[in-house]
Amino acid sequence: MSQSTESQSPPGLTDHIKEAKKVLEQNRVGSFTKPAANLYPYQWSWDSAFIAIGYAHYAQHQAEKELLHLFRSQWQNGLVPQIVFANEVKKGTYFPGPDFWQTEDVEAAPDSPRTSGICQPPIHATAVMHVLKYGDDYERAKRFAAEIFPKLKAWHEFLHRERDPENEGLVYIRHPWGSGQDNSPIWDAVLQNLEISPEQVPPYSRKDTDLIHIDERPSDDDYDKYVYLLDFFRQRKYDEERIRKDGCPFLIQDVLFNSLLCKADRDLAEIANAIGEKSKPFTEQADRTARTINDKLWDDEHDMYLDFDLNEKQRVRADVLSGFIPMFAEIPGQDRANRMFNYLNTHCFCRLDDDCLAAPSYDRSGPGYSASKYWRGPIWINMNWMLSEGLQAYGNKEYVTLIRNSIAKLTLKNGFCEYFNPESGEGHGSDCFSWTSSLLIDIATRYDVETLED
Ligand code: 9WN
């Protein structure tokens, strides 16, 4: 049973979808798809979920393989690692590679392939739901859902058990990489307050700046802090309780991560219904997370949701696009959604009446905004994909169309880049980026989007 609402794509777009499929094919390594050929040569957790969302429309088996490959490396405690390394990739290609993470001494971690020791936002149940909805063989999709269900359940249980010590309904992340938005201004204050001396940073050498100009990537100072945190975890053998008790300096309840968990718990409830399992525990958990996000993370002064720093015991002021993502999980009521929309629909992000591209990752008037620097302004396709799905639920049709057309225009003009300059549309970071391609496929398949001729 396919519920795909295949739209009649305008000619330019049909070829463009073909190009997007080519990117995924080129980035595929056996059972998984790399985010990008050179910059990211392994399997990344949330990338694979976004990639499966595209595959669901035309290569259901590939979507299933992608997710099953990731969950094959799930830790025994339920953690789904941010990176699954591949034994075939030449050592030293990416930093930090498997030897740096040292997970071989951790009982819960798999021996081969090795993995990193943090995790990324839990959008996997949402991707599985996409396969159930849009895959062309529903019976097969149900068998796949039944196979992956216990693994998804263990993943969500890990997060609620290990990352929510006060049992509040909100989980924490302990590294900027855990948010998926590595270089976001959200982390500025926390990282600035983290004072470390050079001898506290183990020797390392960056690889990312061999490929991408440093101006677009995090600073060396930030990288030292990323590495310091990583070392803090590996010294404690990734034991969550020890990490907390020993005063982990980065403990954040992140809006994006928790919104995606809430959405994923709702999707897990739907998956449970489809395969005859109990759905109530997941619905209850999602309701609890939604309530706490509304009570604790909503900022009445700034009309958006903000992260909460557990060490400083306060919200972190950074007006980033992810502050609107609770709409993706339908967490805010209509009134809050309207207030967020009124802010989004200003020059700070992109105003419907201006001829702009929607939507930058950070308020244009925010301190340190940059149109080309990683997570500090550029347009990311995954964030806008989630935002457009969320806005649609609240009836902001025109803006949803603006976002979807921006995605089509940006990728048609500039290729399937990792991120885009919101002023010029120029592509940045890696080219041939997998989730940019897969989400274009999803949008162009499900909705009518315009071509470049405007
Ligand atoms: C670290 C792979 C990943 C994405 C993240 C993005 C970037 C890695 C890096 O690339 O992060 O995880 O080396 O900068 O920020 O969202 O999953 O595409």
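All figures in this text were calculated on a predicted structure; none of them were measured in a lab.

### Looking at the packing of aromatic side chains
Stage number 1. Counting across every chain of the model gives 34 aromatic pairs.
Stage number 2. Seen in terms of ring centroids, Y40 and F433 are 6.2 Å apart; in terms of plane orientation they differ by 70°. Their pairing is edge-to-face. Note that Y40 is positioned in the loop between β2 (32-33) and β3 (43-44) and F433 in the loop between β11 (427-428) and α16 (434-446), a separation of 393 residues in sequence.
Stage number 3. The exposure class assigned to Y40 is buried, which follows from its relative accessible area of 7%.
Stage number 4. For the ring pair W155 and F158, a centre distance of 6.4 Å and an interplane angle of 15° mean the geometry is stacked. With W155 and F158 both in helix α6 (residues 138-162), this residue pair falls three residues apart, about one helical turn. Across this residue pair, the class does not change: W155 and F158 are buried.
Stage number 5. Positioned above the aromatic ring of Y58 is the side chain of K21, whose terminal nitrogen or guanidinium carbon lies 4.4 Å from the ring centre.

### Some words on the environment of R217
Stage number 1. Assignment of secondary structure puts R217 in the loop between α8 (208-211) and α9 (220-235).
Stage number 2. A relative accessible area of 4% places R217 in the buried class.
Stage number 3. Through-space distance from the C-alpha of R217 to that of E25 is 27 Å; in sequence the pair is 192 residues apart.
Stage number 4. R217 has contacts with L39, Y40, N183, R206, D208, T209, I212, Y223, K373 and Y374, leaving out every residue within four places of it along the chain.

### Description of helix α12 (residues 280-297)
Stage number 1. The end-to-end C-alpha separation of α12 is 25 Å, in line with the 26 Å expected for 18 residues at 1.5 Å each.
Stage number 2. Regarding α12, the residues found buried are F282, Q285, A286, T289, A290, T292, I293, N294, K296 and L297.

### Description of the site of the ligand
Stage number 1. Taken together, 16 residues lie around the ligand, and D47, Y94, G180, D182 and Y374 are the ones closest in.
Stage number 2. In the model, an oxygen atom of the ligand is placed 2.9 Å from a nitrogen or oxygen of the Q82 side chain.
Stage number 3. Note that an oxygen atom of the ligand is positioned 3.0 Å from one of the side-chain N or O atoms of W375.
Stage number 4. Relative to its unbound accessible area of 410 Å², the ligand is 99% covered by the protein chains.
Stage number 5. Here the residues of the shell around the ligand sort into 10 nonpolar, three polar and three charged.

### Remarks on the pattern of salt bridges
Stage number 1. Under the criterion given, the structure shown has 31 salt bridges.
Stage number 2. Between D208 and R206 there is a salt bridge, with the nearest N and O atoms lying 2.8 Å from each other.
Stage number 3. Relative accessible area serves as the criterion here: at 7%, D208 is assigned to the buried category.
Stage number 4. A relative accessible area of 10% means that R206 is categorised as buried.
Stage number 5. Because the salt bridges share partners, they merge into one network encompassing K91, D99, E104 and R114.

### Describing the sheet that holds strand β9 (residues 314-315)
Stage number 1. A sheet is described by the order of its strands in space; here three strands give the open sequence β5-β8-β9, paired in antiparallel fashion. Edge positions in the open sheet fall to β5 (252-253) and β9, since each of these has one partner strand only.
Stage number 2. Pairing analysis gives two bridges linking strand β8 (residues 308-309) to β9, with the strands arranged antiparallel. Directly across from F308, in β9, lies its bridge partner R315.

### Let's talk about the nonpolar core
Stage number 1. Counting residues in hydrophobic clusters, the biggest one holds 157 residues, and the most contacted among them are I271, F324, L344, M386 and Y399.
Stage number 2. Top contributing element to this core by residue count: helix α11 (residues 255-274), with 11 residues.
Stage number 3. Setting aside anything within four residues of it in sequence, one finds M386 in contact with W46, F50, I123, L256, L260, I325 and F328.

### Quick word on the packing of helix α5 (residues 124-134) against α6
Stage number 1. The interhelical angle for the contact between α5 and α6, taken along N-to-C directions, is 170°, at an axis separation of 9 Å. On the basis of the axis angle, α5 is roughly antiparallel to α6. Contacts from H124, A125, V128, V131 and L132 of α5 reach α6 at Y138, A141, K142, F144, A145, I148, L152, W155 and H156.
Stage number 2. Across the contact of α5 with α6, the residue classes break down as 11 nonpolar, two polar and one charged.

### Section: the state of the cysteines
Stage number 1. One pass over the full model with this rule turns up one disulfide.
Stage number 2. Paired through a disulfide, C350 and C356 show a sulfur-sulfur distance of 2.1 Å. Between C350 and C356, the disulfide has an S-S torsion of 90° and is therefore right-handed. Of the two residues, C350 and C356, both sit in the buried class.
Stage number 3. The cysteine C248 is free of any disulfide, with C119 supplying the nearest cysteine sulfur at 13 Å.
Stage number 4. No disulfide involves C348; its sulfur sits 11 Å from that of C350, the nearest cysteine.

### Focus: the packing of helix α2 (residues 45-55) against helix α3 (residues 60-72)
Stage number 1. Interaxial distance between α2 and α3 falls to 8 Å at its minimum, and their mutual angle equals 165°. Taken together, the axes of α2 and α3 are roughly antiparallel relative to one another. At the point where α2 passes α3, the crossing takes the left-handed sense. Packed against α2, whose contacting residues are S45, S48, A49, I51, A52 and Y55, the element α3 presents Q60, Q62, A63, E66, L67 and L70 at the interface.
Stage number 2. Class assignment of the residues belonging to the contact of α2 with α3 gives a composition of seven nonpolar, four polar and one charged.

### Observations regarding unusual backbone geometry
Stage number 1. Put simply, S112 and P113 share a cis peptide bond, and its omega is -10°.
Stage number 2. Inspection of the secondary structure puts P113 in the loop between α4 (98-101) and α5.
Stage number 3. The omega torsion across A358 and A359 is -10°, close enough to zero to call that bond cis.
Stage number 4. Considering the arrangement of structural elements, one finds A359 in the loop between α13 (334-344) and α14 (381-393).
Stage number 5. Backbone geometry places D303, a non-glycine residue, at a positive phi of 55°.
Stage number 6. Following the sequence through the fold, D303 ends up in the loop between β6 (298-299) and β7 (304-305).
Stage number 7. Take D303: its relative accessible area is 21%, and that puts it in the partly exposed class.
Stage number 8. The backbone of K313 shows a phi angle near 55°, a positive value even though the residue is not glycine.
Stage number 9. By secondary structure assignment, the location of K313 is in the loop between β8 and β9.

Rules used throughout
Counting from 1, residues in each chain are numbered in the order their sequence is written. Residues qualify for local features only when their pLDDT is at least 70, as the model is predicted, and side-chain atom pairs are given and counted only at 80 or more; totals for whole chains, interfaces and linings, by contrast, use all residues. Side-chain metrics rest on all non-hydrogen atoms present in the structure, leaving aside hydrogens and water. The rule is short: rings of Phe, Tyr and Trp, with Trp giving its six-membered ring, pair when the centres are within 6.5 Å, and they are stacked under 30 degrees, edge-to-face over 60, tilted in between. In this text, helices come from DSSP runs of H or I with a minimum length of four residues, and strands from runs of E with a minimum of two, each type numbered from the N-terminal end. Accessibility here uses a 1.4 Å probe with only protein chains present; expressed as a share of the type maximum, an area under 20% marks a residue as buried, one over 50% as exposed, and anything in between as partly exposed. Both a distance and an angle decide whether a charge sits over a ring: NZ of Lys or CZ of Arg must be within 6 Å of the ring centre and within 35 degrees of the ring normal. The contact criterion used throughout is that any non-hydrogen atoms of two residues lie within 4.5 Å. For a helix, the expected span equals 1.5 Å multiplied by the residue count minus one. A single heavy atom is enough: if one lies within 4 Å of a molecule or strand, its residue is considered near that molecule or strand. As used in this structure description, the phrase polar contact means that two N or O atoms lie within 3.5 Å; if the pair is within protein, one of them must be able to donate a hydrogen and the other to accept it, and residues adjacent in sequence are counted only when both atoms belong to side chains. Shrake-Rupley sampling with a 1.4 Å probe provides the accessible areas, and residues are treated as covered by the protein chains on show and by no other component. Residues are grouped as follows: Ala, Val, Leu, Ile, Met, Phe, Trp, Tyr, Cys and Pro are nonpolar; Asp, Glu, Lys and Arg are charged; every other residue, Gly included, is polar. The term salt bridge refers to a side-chain nitrogen of Lys or Arg lying within 4 Å of a carboxyl oxygen of Asp or Glu. DSSP-based pairing: two strands are paired if at least 2 bridges between them are found. Nonpolar cores were defined as sets of buried Ala, Val, Leu, Ile, Met, Phe, Trp, Tyr and Cys residues, with membership established by side-chain atoms within 4.5 Å. Throughout, an axis means a line fitted to C-alpha atoms (over the contacting stretch in the case of helices), and angles, computed between N-to-C directions, take values from 0 to 180 degrees. Working definition: roughly parallel below 35 degrees, roughly antiparallel above 145 degrees, roughly perpendicular at 65 to 115 degrees, and oblique for all remaining angles. What counts as a disulfide here is a pair of cysteine sulfur atoms lying within 2.5 Å. Left-handed is the label given to a crossing in which the near helix is rotated counterclockwise from the far helix by less than a right angle, and right-handed is the label when the rotation is clockwise.

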